[in-house]
Amino acid sequence: MHSLRVLTNPHPHPDMNKTSIILPSLFISLLIAISPVGAAIHAVENFNLDKIESSSDTDETSEEIREGFRLSKKGLHEQAFKMFTAAAKRGELNAYLAIAVMHREGRGTPKNLKLAKENFKKAADKGSRQAGEELVLLRFASPDNLKDFDDARTQLEGFARRGMAAAQLRLGLAHLSGYGYPADATKAIKYLTQAAQSSGPFQSDAAFVLGQLYRDGDPKTKVKPDMKLAESWLKKAAEVKHPGAMRALGEFYLSADPARQNFSKARDWFSRLNQLGDSYGLYYLGQIHENGWGTVKSQETALDYYRQGAKQKVPPAIYRLATFHEHGLGGLKKDKGKALALYRHGAELEHAVCMYNLSVMLDTMDEKPKHKAEVLLWLLRSAGAGLVEAEYQIGVCYQQGNGVQQDLVAAAAWFDRAARNSHAQAQLQLGGMYEKGQGVSRDLSAARRLFELSAKGGNLGGRIKYAEVLANGVGGKQDLIEAYIHAHNATQLVSRNSPAAKLAIKVRDDLYVAMSPEQLTEGKKRLAAGQKPKP
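Here the structure is a predicted model, which is why all the values come from computation and not from measurement.

(A) The environment of Asp335, seen in detail. Within the fold, Asp335 resides in the loop between α17 (315-327) and α18 (336-348). Along the sequence, Asp335 and Phe324 sit 11 residues apart, while their C-alpha atoms lie 9.0 Å from each other. The residues contacting Asp335, other than those within four sequence positions of it, are His325 and Glu326. Of the polar contacts made by the side chain of Asp335, one reaches the backbone nitrogen of Lys338; its length is 3.0 Å.

Spelled out as structure tokens, the structure:
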């Protein structure tokens, strides 16, 4: 596959490739189960099987329910579900509760929110206050119809006014994401702050959400980043052992921004994360030693952490271990077979770069025809997981007919997808397609804009092409001085003997001839002053 290359640690600073995704994008799952980094968003008062068991009167609880709890603790959830079902046939309250929780979580039976709601209602009808509250939360997150949602929303607002942190957290997320309400940062922050100041299990979840909100900002609700508030809220959640907040706070201190960077604190939080049993701490500790962040740089120490993380099935640790085997790092001998196996393992765990690198290795193997379909499959899955380089390479596949039938319309669509994600080479390729009318209608102004974006993204070909269209007035006004600056800067990017440099030099020299003395003087003046091309 033309121009495919293995990616090796492309984003060493976490703030360049966030693992903690802003919450509204996963809002529905947050309401029901988990946060984007895997930390539990608890049910009402941590309402789970353990809570049900601890509240049961063992003298009155049936043998089926007691056996169901014992089986569940052993991980035998399907057998436990059968026991609870048998007890539910006799109308036992705790059986309804247990079945509802198992349907809600997909434990021992497929996840089914409708059946969860039905069983919570049966328990609520028998007088369980907590079942009634759980039912409202589920109706709000997964309503049967608009009236059901409106009723649940009204009840949830009442719960929040009475100080229920679970309701405050849900309403804060709802206002933040625009779920059932207009997106409103002021109301979202009010509810989230109330939950974060509670003393229950939702305190850390709400503080974590606030920390991420202030770290990243949110264009939708016009919340601006505030690093002091972000650090404060993340620290509040991390100090009560919220795994997502501990990871996010460690990432916060690994920032490339000197004002935030504190390698000692980052290492401390990742060590605590690892001690808590979250194996992602191993990956970050490996990164710290691999890059020498606040400690002696040591690939050997990093390798040890990556090996430990890989054993715990931590996808980024598997990825780094694969690259160590592929390139012979950390004292290892190069071993493409081990690297391939590890990339496949990481790919099966949905790691985007492992999927991509697996496709690259399969594409370069001696048995390439055998793997042709698999190469494109892993590229597609990688793109689906958000890797922009994969989006670009799929465009190349369709443009050149590599592994698929040539399709310029599909190529343009994939280049457009990558270009919108700021991939400078995709912007250059798509600009060329607009310039020639290949796969898209010919549009010189669109081509010019894409060349400009590519140039400002630092792409050498983009700078040369943008200099040419500026010089010739293609798709817009001619600007010889700006063209001269782009062409000159392009000549500085690569070896002067390379074909690209020779082309850049030719464009610059042609401009030198075409420009008036006054324009040339102005261009040289800007270059001497260190001026970059216009933003």
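(B) Local environment of the confidence of the model for the chain. Here the chain averages 85 in pLDDT, and 85% of its residues register 70 or above. Confidence, read as mean pLDDT per element, is least for helix α1 (residues 27-32) in the chain (36) and greatest for helix α16 (residues 299-311) (97). Below a pLDDT of 50 lies the segment residues 11-46, which in the model reaches 95 contacts outside its immediate sequence neighbourhood of four places, other chains included.

(C) Seen up close, the nonpolar core. In this structure, Phe140, Leu156, Leu169, Leu254, Phe270, Tyr343 and Phe415 are the most contacted members of the largest nonpolar core, which totals 110 residues. A total of nine residues in this core trace back to one element, the largest contributor, which is helix α19 (residues 352-364). Those residues in contact with Leu156, other than ones at most four positions away along the chain, are Val136, Leu137, Phe140, Ala167, Arg170 and Leu171. Membership of the second largest hydrophobic core comes to 24 residues, among which are Ala447, Val469, Ala471 and Val507.

(D) Here's a closer look at the packing of helix α9 (residues 165-177) against helix α10 (residues 185-196). The N-to-C vectors of α9 and α10 enclose an angle of 155°; their axes lie 7 Å apart at closest approach. Between α9 and α10, the angle is such that the two are roughly antiparallel. Judged by the twist between their axes, the crossing of α9 over α10 is left-handed. Facing Ala165, Gln168, Leu169, Leu171, Gly172, Leu173, His175 and Leu176 of α9, the residues of α10 in contact are Lys187, Ala188, Tyr191, Leu192, Gln194 and Ala195. Split by residue class, the contact of α9 with α10 holds nine nonpolar, four polar and one charged.

(E) Up close: unusual backbone geometry. Located in the positive-phi region is Lys222, a residue other than glycine, with phi close to 60°. Looking at the secondary structure, you find Lys222 in the loop between α11 (202-216) and α12 (227-238). Despite not being glycine, Lys241 has its phi angle at roughly 65°, a positive value. Its location among the elements puts Lys241 in the loop between α12 and α13 (243-253).

(F) Fine view of the packing of aromatic side chains. All chains considered together, the criterion is met by 11 aromatic pairs. An angle of 65° between the planes, with centres 5.4 Å apart, marks the rings of Phe69 and Phe84 as edge-to-face. Here Phe84 lies in helix α4 (residues 77-88) and Phe69 lies in helix α3 (residues 63-73), a separation of 15 residues in the sequence. Grouping residues by exposure puts Phe69 and Phe84 together as buried. Here a set of aromatic residues connected by ring pairs shows up, and it is made of Phe270, Tyr283, Tyr284, Tyr306 and Phe324.

(G) Quick look at the pattern of salt bridges. A full pass over the atoms with the stated rule returns 27 salt bridges. Here Arg247 and Asp278 are joined by a salt bridge, their closest N and O atoms 3.8 Å apart. Note that Arg247 is positioned in helix α13 and Asp278 in the loop between α14 (263-276) and α15 (280-291), a separation of 31 residues in sequence. The same class applies to Arg247 and to Asp278, which are both buried. Asp416 is the partner of Arg420 in a salt bridge, and the nearest nitrogen-oxygen pair spans 2.7 Å. Of this pair, Arg420 and Asp416 both sit in helix α22 (residues 408-420), four residues apart, roughly one helical turn.

(H) Looking closely at the side chain of Arg448. Along the chain, the position of Arg448 falls in helix α24 (residues 444-456). Lacking a salt bridge, the buried Arg448 has Glu452 as its closest oppositely charged neighbour, with an N-O distance of 6.1 Å. A polar atom in the side chain of Arg448 sits 3.4 Å from the backbone oxygen of Gly476. When sequence neighbours within four positions are dropped, the list of residues in contact with Arg448 reads Tyr466, Val469, Leu470, Gly473, Val474, Gly475, Gly476 and Lys477.

What counts, and where the lines are drawn
- Residues numbered from 1 in each chain as written.
- Predicted model: local features only at pLDDT ≥ 70, side-chain atom pairs only at ≥ 80, totals over all residues.
- Heavy atoms only, no water.
- Helix = DSSP H or I, 4+ residues; strand = E, 2+ residues; numbered from the N terminus.
- Contact = heavy atoms within 4.5 Å.
- Polar contact = N/O pair within 3.5 Å; in protein donor to acceptor, adjacent residues only side chain to side chain.
- pLDDT = per-residue confidence, 0-100.
- Core = buried A, V, L, I, M, F, W, Y, C linked by side-chain atoms within 4.5 Å.
- Buried < 20%, exposed > 50% of the residue type's maximum accessible area, 1.4 Å probe, protein only.
- Axes fitted to C-alpha atoms, helices over the stretch in contact; angles between N-to-C directions.
- Parallel < 35°, antiparallel > 145°, perpendicular 65-115°, else oblique.
- Left-handed = near helix turned anticlockwise from the far one by under 90°.
- Nonpolar A, V, L, I, M, F, W, Y, C, P; charged D, E, K, R; others polar.
- Phe/Tyr/Trp six-rings, centres within 6.5 Å; stacked < 30°, edge-to-face > 60°.
- Salt bridge = Lys/Arg side-chain N within 4 Å of Asp/Glu carboxyl O.
- Lys, Arg positive; Asp, Glu negative; His and termini not counted.

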